[in-house]
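# Summary of the model geometry
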Amino acid sequence: MNGAFPVIGIDPTASRREVARVLGMDHGFANLDELAKSGLFKPGGGPPVTIEATGLPHVIPEAFQVCGRNGRVILLGSTRGETKNVNFYTDVHKKGTSVIGVQAGTRPPHESQPGHWTAEDDQTMIFKLIANGRIQCRPLITHEFPAARAGEAYDLVARSSEALAVVLDWTAK
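As a convention, each chain's residues are numbered from 1 in the sequence order in which they are written. Note on the predicted model: pLDDT of at least 70 is required for a residue's local features to be given, and 80 or more for side-chain atom pairs to be given and counted; whole-chain, interface and lining totals, by contrast, use all residues. The side-chain numbers reported here are obtained from all heavy atoms of the structure, hydrogens and water having been left aside.

### Comments concerning unusual backbone geometry
What counts, and what does not: Secondary structure follows DSSP: runs of H or I at least 4 residues long count as helices, runs of E at least 2 residues long count as strands, and numbering of each begins at the N terminus.
The amide bond that connects Phe 5 to the next residue, Pro 6, takes the cis arrangement and shows omega of -5 degrees. Within the secondary structure layout, Pro 6 lies in the segment before strand 1 (8–10). With a phi angle near 55 degrees, Asn 70 is a residue other than glycine that sits in the positive phi range. Its place among the elements puts Asn 70 in the loop between helix 3 (60–66) and strand 4 (72–75). Phi at Asn 85 is positive, roughly 65 degrees, even though this residue is not glycine. Among the secondary structure elements, Asn 85 is positioned in the loop between strand 4 and helix 4 (88–93).

### As for the packing of aromatic side chains
To be explicit about the condition: Pairing of aromatic rings covers Phe, Tyr and Trp, the last through its six-membered ring, and needs centres within 6.5 Å; plane angles under 30 degrees mean stacked, over 60 mean edge-to-face, and all others mean tilted. For every residue, the accessible area (1.4 Å probe, protein chains only) is compared with the maximum for its type, and the residue is labelled buried under 20%, exposed over 50%, or partly exposed between those bounds.
Taken as a whole, this structure holds 1 aromatic pair when the rule is applied. Between Phe 64 and Phe 88, the aromatic rings sit 6.2 Å apart at their centres with planes inclined by 55 degrees, giving tilted as the arrangement. Here the residue Phe 64 occupies a position in helix 3, and Phe 88 occupies one in helix 4, the gap between them amounting to 24 residues. The buried category is assigned to Phe 64, whose relative accessible area is 3%.

### Here we look at the nonpolar core
Using the following cut-off: What we call a nonpolar core is a set of buried Ala, Val, Leu, Ile, Met, Phe, Trp, Tyr and Cys residues that are connected through their side-chain atoms within 4.5 Å.
The biggest cluster of nonpolar side chains holds 8 residues, and these are Ile 60, Ala 63, Phe 64, Cys 67, Val 73, Leu 75, Val 86 and Val 92. By residue number, the principal contributor to this core is helix 3, which donates 3 residues.

### Structural notes on the sheet that holds strand 5 (residues 98–101)
Worth spelling out the cut-off: Here the rule is simple: two strands pair whenever DSSP picks up at least two bridges between them. Only the contacting stretch of a helix is used when fitting its axis, a line to C-alpha atoms as for every element, and angles between N-to-C directions run 0 to 180 degrees.
Taken together, the 3 strands give an open sheet; going across it, the order is 3-4-5, and neighbouring strands pair in parallel fashion. Each having just a single partner strand, strand 3 (49–52) and strand 5 make up the two edges of the open sheet. Direction aside, the axes of adjacent strands within the sheet are offset by 20 degrees on average. Pairing analysis gives 4 bridges linking strand 4 to strand 5, with the strands arranged parallel. Bridge pairing in strand 5 links Arg 72 to Ser 98.

### Focus on the environment of Gly 55
The criterion, for reference: Contacts are residue-level and defined by heavy atoms, with any inter-residue pair within 4.5 Å sufficient.
Checked against the element boundaries, Gly 55 lands in the loop between strand 3 and helix 3. Overall, the relative accessible area of 10% leaves Gly 55 in the buried class. Those residues in contact with Gly 55 that sit more than four places away from it in its chain are Gly 77, Ser 78, Thr 79 and Arg 80.

### Brief notes about the side chain of Lys 95
Definition in use: Charged-residue counts in this description rest on Lys and Arg as positive and Asp and Glu as negative, His and the chain ends being excluded. We count a salt bridge whenever a side-chain nitrogen from Lys or Arg sits within 4 Å of a carboxyl oxygen from Asp or Glu. Pairs of N or O atoms within 3.5 Å make up the polar contacts considered here, provided that, within protein, one atom can donate a hydrogen while the other can accept it, and that residues adjacent in sequence are counted only when both atoms are side-chain atoms.
For Lys 95, the position within the fold is in the loop between helix 4 and strand 5. Despite being buried, Lys 95 has no salt bridge partner; Asp 91 is the closest side chain of opposite charge, sitting 5.0 Å away. One polar contact links the side chain of Lys 95 to the main-chain carbonyl oxygen of Cys 67, over a distance of 2.5 Å. Excluding residues that lie within four positions of it along the chain, Lys 95 makes contacts with Phe 64, Gln 65, Val 66, Cys 67, Gly 68, Arg 69, Asn 70 and Thr 90.

Without other data, these values stay purely geometric and don't point to any function.
As structure tokens, then:
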């Protein structure tokens, strides 16, 4: 919605790639090798913006490697743990990569500024986009459980790569 084109996703799970396609992803790949073979980028090239949204430390080196020259790597996934095997010379300095860490604690607490919104302003915008059909949530829901079966829902999330959004229905018996 902010001009990103094409939108390319990498996920080893086919069902998650399919949901992403339904929601507007232009190209989806199981791994970096598939992306490289696709011919979308010239050798040595890559996307100008790479967003790492999993929070898995072992994925971060791949985000740096795939990002194009003078590109940006956005660490969106609240990475936990130590990231190993990042070559800051070849993957950051030599390519001119900017690294942007995104955390709620870096937001302004009260007044938004251009490109730097408060959490409340972001939430208001998201709800407006959902209400106007610009963002679809229904395709993200892969499972629904009555609240009384919350334990099963949490178990599913913990063990399944197929679970995207798991909803607890508090009205169901």
